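These are the residues of each chain, in order.
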Amino acid sequence: MVLQNRRDRCHCWIVPTSQVIENQQQDDGDLIKPKKLPNPVLASHQHRALHQELLLCHRRGLLPRKKPELQSVLEHIRREQHRKRELSLQPPSDLEAKLRTRQQRIQAYELEEKKRSESVKYVPEFVRARRTLKHITVSS
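Computed from a prediction, not measured in an experiment: that's the story for all the values here. (Residues numbered from 1 in each chain as written. Predicted model: local features only at pLDDT ≥ 70, side-chain atom pairs only at ≥ 80, totals over all residues. Heavy atoms only, no water.)

Remarks on the overall build of the protein chain
Inference 1: Check the secondary structure of the protein chain and you find 7 helices and 0 strands.
Inference 2: Helices and strands appear in the protein chain in the N-to-C order α-α-α-α-α-α-α.
Inference 3: The 140 residues of the protein chain split such that 1% are buried. (Helix = DSSP H or I, 4+ residues; strand = E, 2+ residues; numbered from the N terminus. Buried < 20%, exposed > 50% of the residue type's maximum accessible area, 1.4 Å probe, protein only.)

Re the pattern of salt bridges
Inference 1: Scanning all chains against the criterion turns up 2 salt bridges.
Inference 2: Put simply, Arg83 and Glu80 hold a salt bridge, and the shortest N to O gap is 2.8 Å. With Arg83 and Glu80 both in helix H5 (residues 69-89) and 3 residues apart, the pair spans about one turn of that helix.
Inference 3: For Arg83, a relative accessible area of 41% translates into the label partly exposed.
Inference 4: Here Glu80 falls in the partly exposed class, since its relative accessible area comes to 29%.
Inference 5: Ionic pairing is found between Arg116 and Glu113, a salt bridge with its closest N-O pair at 2.7 Å. Of this pair, Arg116 and Glu113 both sit in helix H6 (residues 94-121), separated by 3 residues, roughly a single helical turn. (Salt bridge = Lys/Arg side-chain N within 4 Å of Asp/Glu carboxyl O.)

Focus on a nonpolar patch on the surface
Inference 1: There is a patch of nonpolar side chains on the surface, built from Leu70, Val73, Leu74 and Ile77 and spanning about 350 Å² of accessible area.
Inference 2: Its place among the elements puts Ile77 in helix H5.
Inference 3: According to the relative accessible area criterion, Ile77 is partly exposed, its value standing at 41%. (Patch = residues over 30% accessible without salt bridge, like charges linked within 9 Å, V, L, I, M, F, W, Y side chains within 5 Å. Areas by Shrake-Rupley, 256 points an atom, 1.4 Å probe, with all protein chains shown as cover.)

Focus: helix H4 (residues 45-60)
Inference 1: When the terminal C-alpha atoms of H4 are compared, their 23 Å separation across 16 residues agrees well with the 22 Å that a helix rising 1.5 Å per residue should span.
Inference 2: Just downstream of H4, Gly61 is the residue with a positive phi angle, here 85 degrees. (Expected span 1.5 Å × (residues − 1).)

Examining the confidence of the model for the protein chain
Inference 1: Mean pLDDT over the protein chain works out to 79, with 72% of the residues at or above the 70 mark.
Inference 2: Averaged pLDDT values over the elements of the protein chain bottom out at 53 in helix H1 (residues 6-10) and peak at 92 in H6. (pLDDT = per-residue confidence, 0-100.)

Structure below.
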C-alpha cells in the first residue's frame, strides 16, 4: 500500500469512526445505556440567568475587583469606628443605665474595702488586739 499524500499518511493508523460506532453498537446491543442525570441547579432558569449576567458583567469589566487585604482591613476598622460613634450618640437604654449604676456602686464598695484594709494594715498590732478584745464579752 503506497501512501500518496500527507493526509493518507496521517490517517493510516486511525480506524474510521464509522467502524468504531458499528463495533460499539454490536457489543452494546443488549445493554441499557445509562443516561446522564441533569443537574437541577444547572438546569434551573434562575441559575442560567445568573450565569449569563455574570458572564456579561465579566466581559464588560463591571465585576467588583478583589481589594487588597490592607485596604479591606482599614475599611473594616473605619466601619467599626463609625458604628461605635453612632452607638455612643444614642441615649443608653434602661438596662444599660441600671447596669452602669450597679457597676459604679460595686466599684465604690470595693474602693471602701480597699481603703479599710489599708488602714487596718498600718495600725499597730496591740491596737488591733485591743479592738478584738472589746468585742468579746465576758460572761460571769
